[in-house]
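The primary structure of each chain is shown beneath.
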Amino acid sequence: MKVAIGSDHGGIHIREEIKKLMDEMGIEYEDFGCECDTSVDYPDYAFPVAEKVASGEVDRGILICGTGIGMSIAANKVKGIRCALVHDVFSAKSTREHNDSNILAMGERVIGPGLAREIAKVWLTTDYEGGRHANRIGKISDYENK
Ligand code: RB5
């Protein structure tokens, strides 16, 4: 699996924590920044990561900002992206099983690095269940392709 990861200035610490986790898990990733802790605009990081996922060049994406909200709103504008804003382990598991989410968004001003790590670990290792959920995701794709 290959992952694209990015954050704005509000998410740099969790981004580093998740990169450490992926190193430990042997997961390959591409880091899209940001490279500084001065104020930047989250769409400038959300769109390149989301486009990388949508194009199939990487399998999944992880985006972090202060709340995770801006990143998730921006990423979900890219066709083919199902970005889930997650701050608990149950939702991390459920959104992979039910929504086949291909981007995980988290907020560094909402949760700490320990919980973010657990969420990312579960999200990265949980498979999509398909079955009854496929029809529902199909309806989203149909709407997107209208
Ligand atoms: C940046 O101050 C902050 O607005 C951003 O990190 C994010 O929380 C937006 O949704």
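Heads up: these notes are all about the structure in this document.

What counts, and at which threshold
Residues numbered from 1 in each chain as written. Predicted model: local features only at pLDDT ≥ 70, side-chain atom pairs only at ≥ 80, totals over all residues. Heavy atoms only, no water. Patch = residues over 30% accessible without salt bridge, like charges linked within 9 Å, V, L, I, M, F, W, Y side chains within 5 Å. Areas by Shrake-Rupley, 256 points an atom, 1.4 Å probe, with all protein chains shown as cover. Salt bridge = Lys/Arg side-chain N within 4 Å of Asp/Glu carboxyl O. Helix = DSSP H or I, 4+ residues; strand = E, 2+ residues; numbered from the N terminus. Buried < 20%, exposed > 50% of the residue type's maximum accessible area, 1.4 Å probe, protein only. Pairing = 2+ DSSP bridges. Near = heavy atom within 4 Å. Polar contact = N/O pair within 3.5 Å; in protein donor to acceptor, adjacent residues only side chain to side chain. Nonpolar A, V, L, I, M, F, W, Y, C, P; charged D, E, K, R; others polar. Axes fitted to C-alpha atoms, helices over the stretch in contact; angles between N-to-C directions. Parallel < 35°, antiparallel > 145°, perpendicular 65-115°, else oblique. Left-handed = near helix turned anticlockwise from the far one by under 90°. Contact = heavy atoms within 4.5 Å. Expected span 1.5 Å × (residues − 1).

## Structural notes on a nonpolar patch on the surface
In step 1: A surface patch of nonpolar side chains, amounting to about 250 Å² of accessible area, comprises Ile 69, Ile 73 and Leu 85.
In step 2: In this fold, Ile 69 is placed in helix H3 (residues 69-75).
In step 3: Of the residues examined, Ile 69 reaches a relative accessible area of 43% and is grouped as partly exposed.

## Brief notes about the pairing of strand E1 (residues 2-7)
In step 1: The element E1 is extensively covered by neighbouring structure, given that five of its six residues are classed as buried.
In step 2: Where E1 meets strand E2 (residues 28-31), four bridges bridge the pair, whose relative direction is parallel. Within E2, the residue paired with Ile 5 across the bridge is Asp 31.
In step 3: Sheet topology places E1 next to strand E3 (residues 60-65); five bridges connect them, and they run parallel. Bridge assignment links Ile 5 to a residue of E3, and that residue is Ile 62.

## What about the site of the ligand?
In step 1: Surrounding the ligand, one finds Asp 8, His 9, Tyr 42, Cys 65, Gly 66, Thr 67, Ile 69, Gly 70 and Arg 109.
In step 2: Between an oxygen atom of the ligand and a side-chain N or O atom of Asp 8, the distance comes to 2.6 Å.
In step 3: Between the ligand and the protein, one listed contact pairs an oxygen atom with a side-chain N or O atom of Arg 109 at 3.4 Å.
In step 4: Relative to its unbound accessible area of 290 Å², the ligand is 72% covered by the protein chains.
In step 5: Here the residues of the shell around the ligand sort into three nonpolar, four polar and two charged.

## Considerations on the packing of helix H1 (residues 12-25) against helix H5 (residues 113-125)
In step 1: The N-to-C vectors of H1 and H5 enclose an angle of 45°; their axes lie 9 Å apart at closest approach. In terms of axis orientation, H1 runs oblique to H5. The hand of the H1/H5 crossing is right-handed. Contacts from Ile 14, Glu 17, Ile 18, Leu 21, Met 22, Glu 24 and Met 25 of H1 reach H5 at Pro 113, Ala 116, Arg 117, Ala 120, Lys 121, Leu 124 and Thr 125.
In step 2: Partitioned by chemical class, the residues of the contact of H1 with H5 number nine nonpolar, one polar and four charged.

## Comments concerning the packing of helix H4 (residues 89-99) against helix H6 (residues 132-144)
In step 1: One way to put it is that H4 packs onto H6 with a least axis distance of 8 Å and a crossing angle of 80°. Regarding the angle of H4 to H6, the classification is roughly perpendicular. Seen from H4, the contacting residues are Glu 97, His 98 and Asn 99; seen from H6, they are Arg 132, His 133 and Ile 137.
In step 2: In the contact of H4 with H6, the residues fall into one nonpolar, three polar and two charged.

## Regarding H1
In step 1: Taking 1.5 Å of rise per residue, the 14 residues of H1 would be expected to cover 20 Å, and the 20 Å separating its terminal C-alpha atoms lies within 8% of that figure.
In step 2: Ile 12, Ile 14, Arg 15, Glu 17, Ile 18, Lys 19, Leu 21 and Met 22 are the residues of H1 that are buried.
In step 3: Elements that come into contact with the buried residues of H1 comprise E1, E2, E3, strand E5 (103-107) and H5.
In step 4: One or two residues past the end of H1 sits Gly 26, with phi positive at roughly 70°.

## Focus on the side chain of Arg 117
In step 1: Position of Arg 117 among the secondary structure elements: in helix H5.
In step 2: At 3.4 Å, the side chain of Arg 117 and the side chain of Glu 17 are in polar contact.

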